[in-house]
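# A closer look at the structure
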Amino acid sequence: MHRKYFFFDIDGTLTDDATHKIVPSARYTLKKLEESGHFVSIATGRAHYKTVAFTDPLGFENIVCCGGACLVLQGKVIENDPLDRSRARSILHEADECGLGWLVSLEDSDTVKMKDYRFLEQAGLRKELTSYVYDPDLRIDALPEIFKIYLALPKAREETYAWVKSHPYLRMTKDYVVYQHDEKKEGILRMMKAVNGDVKDVVVFGDGKNDLVMFDPQWTSIAMGNGSEQLKKQADYVTAANVDDGILKACRHFGWIDPAVDDEFPL
């Protein structure tokens, strides 16, 4: 058996968007890959605390998360890098000058801090569970490590401020953007170095435009059938939709799983 190194996105790849739970055949496949001696890892933009809430019940111990900034190997965090400090502070200062509200995440949790209520007034509550801490004495240049910045910025005004694009960001809703690491490829490369693997043996699975950053000609990139058309164009192979057993079918197609021993999902 020639060992491969698999990296799987979570949302829309491993999980069913309707239930937000892992597709049964996907869970089965990842376990079969590990039993066959392959290296299996999650690769996600989710924060570490969110990722382990997903992986721990499933027994997956290798993770590239926080958009590539955090690596977990055999259940142990070996890296967890914050945003570049000077650039993060610059973004916050620019936001203040423009009257845009912001929140900062300073730790690996759902807690965010704010020095005023402008973000909530301009963008409202975040779309996921969040613990808000109001601290009127918060000083930008005194902030320690910053892991994420949530900026109240309507989509219609994205092009208004040149400084907004000084660091990669994701738009989660029409009302705000998130500054976070978006370097899954670099995270995968560092993980491969940590495990002494050959990058040509990497296999990545993804579904969204945000997964383009980990689709690379050095290795095998597989797009889910339910994925974006842009991603499919960059893929080496397009499998079936995630809920149609796309991960299992791709692994059978390439011979990474022997159908003869697929007792739970026979052909």
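Structure's up top.
Rules used in this analysis
- Residues numbered from 1 in each chain as written.
- Predicted model: local features only at pLDDT ≥ 70, side-chain atom pairs only at ≥ 80, totals over all residues.
- Heavy atoms only, no water.
- Axes fitted to C-alpha atoms, helices over the stretch in contact; angles between N-to-C directions.
- Helix = DSSP H or I, 4+ residues; strand = E, 2+ residues; numbered from the N terminus.
- Contact = heavy atoms within 4.5 Å.
- Nonpolar A, V, L, I, M, F, W, Y, C, P; charged D, E, K, R; others polar.
- Pairing = 2+ DSSP bridges.
- Buried < 20%, exposed > 50% of the residue type's maximum accessible area, 1.4 Å probe, protein only.
- Arc of directions from axis to C-beta.
- Salt bridge = Lys/Arg side-chain N within 4 Å of Asp/Glu carboxyl O.

### Brief notes about the packing of helix α2 (residues 24-35) against helix α8 (residues 246-253)
Interaxial distance between α2 and α8 falls to 7 Å at its minimum, and their mutual angle equals 35°. Between α2 and α8, the residues in contact are S25, A26, Y28, T29, L30 and L33 and I247, L248 and C251, respectively. Classifying every residue of the contact of α2 with α8 by side-chain character gives 7 nonpolar, 2 polar and no charged.

### Considering the sheet that holds strand β1 (residues 5-8)
Read from one edge to the other, the open sheet built from 8 strands follows the order β5-β4-β3-β2-β1-β12-β13-β14, with strand pairing classed as mixed. Only two strands of the sheet have a single neighbouring strand rather than two, namely β5 (76-80) and β14 (237-238). Note: strand β12 (residues 202-206) against strand β13 (residues 220-223), 4 bridges, orientation parallel. Looking across to β13, one finds that V203 is bridged to T220. Against the sheet, helix α3 (residues 48-55) contacts β2 (39-43), β3 (63-65), β4 (70-73) and β5, and its axis sits at roughly 145° relative to β3.

### Some points on helix α6 (residues 184-194)
Looking only at α6, the buried set comprises K184, G187, I188, M191 and M192. Seen along its axis, α6 keeps its buried residues to an arc of 140°; they face one direction. Residues of α6 that are buried sit in contact with β1, β2, β3, β4 and β12. Remark: N196 follows α6 within two positions and exhibits a positive phi of approximately 60°.

### Some thoughts on the pattern of salt bridges
Applying the stated criterion to the full structure yields 18 salt bridges. With a shortest N-O distance of 2.6 Å, R118 and D96 are connected by a salt bridge. Separated by 22 residues along the polypeptide, R118 in helix α5 (residues 118-123) and D96 in helix α4 (residues 85-98) bring together distant segments of the chain. For D96, a relative accessible area of 21% corresponds to the partly exposed category. Put simply, E128 and R126 hold a salt bridge, and the shortest N to O gap is 2.9 Å. By relative accessible area, E128 is classed as partly exposed at 29%. Salt bridges linked by common partners bring D96, K115, D116 and R118 together as one network.

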